Amino acid sequence: MSALTPLRHAPFRYLLLGRTSSMLGNSVAPMALAFAVLDLTGSVRDLGFVVAARSLTNVVFILFGGVLADRLPRRLVMIGSNTLAALTQGVVAILLFTHTATFGLLMALAALNGLVAAFSFPAMSAIAGQVVPDEIRQQSNALIRLSVNVVGIGGAAVGGLLVAAFGSGWSIAIDAASFALAGVFFAFIRVPSVRAASTGERASTLHELRVGWREFVARPWLWAVVAGFCVLNMMLSAGLSVLGPSVADEHFGRTAWGLVVAAELAGLALGGLIALRLKVRRFLLVGVIAMAPVAPVLLGLGLTPYAPLLIGLNLLAGIGIEIFGVSWETSMQRHVPADLLARVYSWDMLGSIVAVPIGQAVAGPVAAAIGTPAALVGAGVLSLVAVLGMALVPAVRNLDNTPAPAAEPLVEAASV
């Protein structure tokens, strides 16, 4: 079986193009927004509040996004959410171009963008399990992630140069255009409906959330990893999204910070190539262990903020992150029923990101109280503890990722 076999399926190709397009803009937008806030207010605390506002609305609405993606055709949810995301980022770009941006406006628009993303992510994640047969899901997940990461490498590097040379407006404008283009690609996806697998009677939103929760807690491997990533994502978002740009401004500059971010994306691309060919029964365990290199990135940022070292560390971290990502997507799609997948994904995403806005909001005050180096070292130590905790859970160690026997060929019917 060729690693490129998923490309034979038209729904997969359009999903690949759409996610790659949106990644082009998303690779530069967070960096651009971070430096826009720092230029506007000069406050790490304000930056933390802006990024936390986006994360908070994402947390609040992610469960409803999962319910909607299991009720409606997932491609329609993706089209609508990407269109709205293009509009929100377009407004941010106009504010930056016209020098009319304020802290309050940037915070409000970040919150709105997070709300829109809450409806997009469960749908995109769940539909990835429908676009190819089970026996090539690992290859399809790896190809999607590889494609978006390769695009992200160039995007992050160019983003750093754009921000340094022209300001943040152009990077945000590219993000807006990429969302609009992604919506066009998603419009061409045709997959079988999974709603026939449900009871057929429209249940309340609360009932559907409870069904998703029961499926979530019934799998110890699932909630154990989500609990670990609750801590891990909190530490990484606080250290890299909030404190990282401040350290870069003080020690080695914004262009070099763009290269540090791009190094992680390069690692993601390499990790994707490895994941394409990796054949192990305990794929999830391998993925969890592969997350260990993220801790040295935070430790290095706090103890030795030297750009070449951070580039190397972030490259290794990116490889591990991507191997985990492919193992996680494949495990979810393989072990969770298709008609419940978006709701279970939404519980997964909620647990993984619920502490992110807290970490982002408190990063500045904690750094002010104990010093930025100490805050980053503490984040690195806690990240390592989270990785070890996940790896020690028996259900994670023993999850079998052997593909199911080949079923009937996938019928690429129109979604209704």
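The rules behind each value
Residues numbered from 1 in each chain as written. Predicted model: local features only at pLDDT ≥ 70, side-chain atom pairs only at ≥ 80, totals over all residues. Heavy atoms only, no water. Helix = DSSP H or I, 4+ residues; strand = E, 2+ residues; numbered from the N terminus. Expected span 1.5 Å × (residues − 1). Buried < 20%, exposed > 50% of the residue type's maximum accessible area, 1.4 Å probe, protein only. Arc of directions from axis to C-beta. Contact = heavy atoms within 4.5 Å. pLDDT = per-residue confidence, 0-100. Phe/Tyr/Trp six-rings, centres within 6.5 Å; stacked < 30°, edge-to-face > 60°. Salt bridge = Lys/Arg side-chain N within 4 Å of Asp/Glu carboxyl O.

## Considering helix α8 (residues 205–217)
Moving on, step 1. Spanning 13 residues, α8 covers 18 Å between terminal C-alpha atoms, matching the ideal 18 Å at 1.5 Å per step.
Moving on, step 2. Turning to α8, its buried residues are Glu208, Leu209, Val211, Gly212 and Phe216. Across the axial projection of α8, the buried residues extend over an arc of 155 degrees, all falling on one side.
Moving on, step 3. Residues of α8 that are buried sit in contact with α3 (44–71), α9 (220–251) and α14 (341–353).

## Regarding the confidence of the model for the chain
Moving on, step 1. Summing up the model confidence of the chain, the mean pLDDT is 83 and the portion of residues at 70 or higher is 90%.
Moving on, step 2. This stretch, residues 196–200, has a pLDDT under 50; its non-local contacts, to residues over four places away or in other chains, come to 2 contacts.
Moving on, step 3. Across residues 406–416, confidence stays below pLDDT 50; counting only partners more than four residues off in sequence or on other chains, it has 23 contacts.

## Concerning the packing of aromatic side chains
Moving on, step 1. Enumeration according to the criterion identifies 8 aromatic pairs in this entry.
Moving on, step 2. For the pair Phe229 and Phe324, a centre-to-centre distance of 4.5 Å together with 20 degrees between the ring planes defines the contact as stacked. Residue Phe229 is located in helix α9, and its partner Phe324 is located in helix α13 (residues 307–335); the two are separated by 95 residues in the primary sequence.
Moving on, step 3. Classification of Phe229 by relative accessible area gives buried; the value is 9%.

## A closer look at the pattern of salt bridges
Moving on, step 1. Applying the stated criterion across every chain, the model contains 3 salt bridges.
Moving on, step 2. Here Glu215 makes a salt bridge to Arg219, at a shortest N to O gap of 2.9 Å.
Moving on, step 3. By relative accessible area, which is 15% here, Arg219 ends up buried.
Moving on, step 4. Arg281 is the salt-bridge partner of Asp400, the closest N and O atoms lying 2.6 Å from each other. With a gap of 119 residues between them, Asp400 in the segment after α17 (394–398) and Arg281 in the loop between α10 (254–277) and α11 (283–289) connect regions that are remote in the sequence.
Moving on, step 5. Take Asp400: its relative accessible area is 26%, and that puts it in the partly exposed class.

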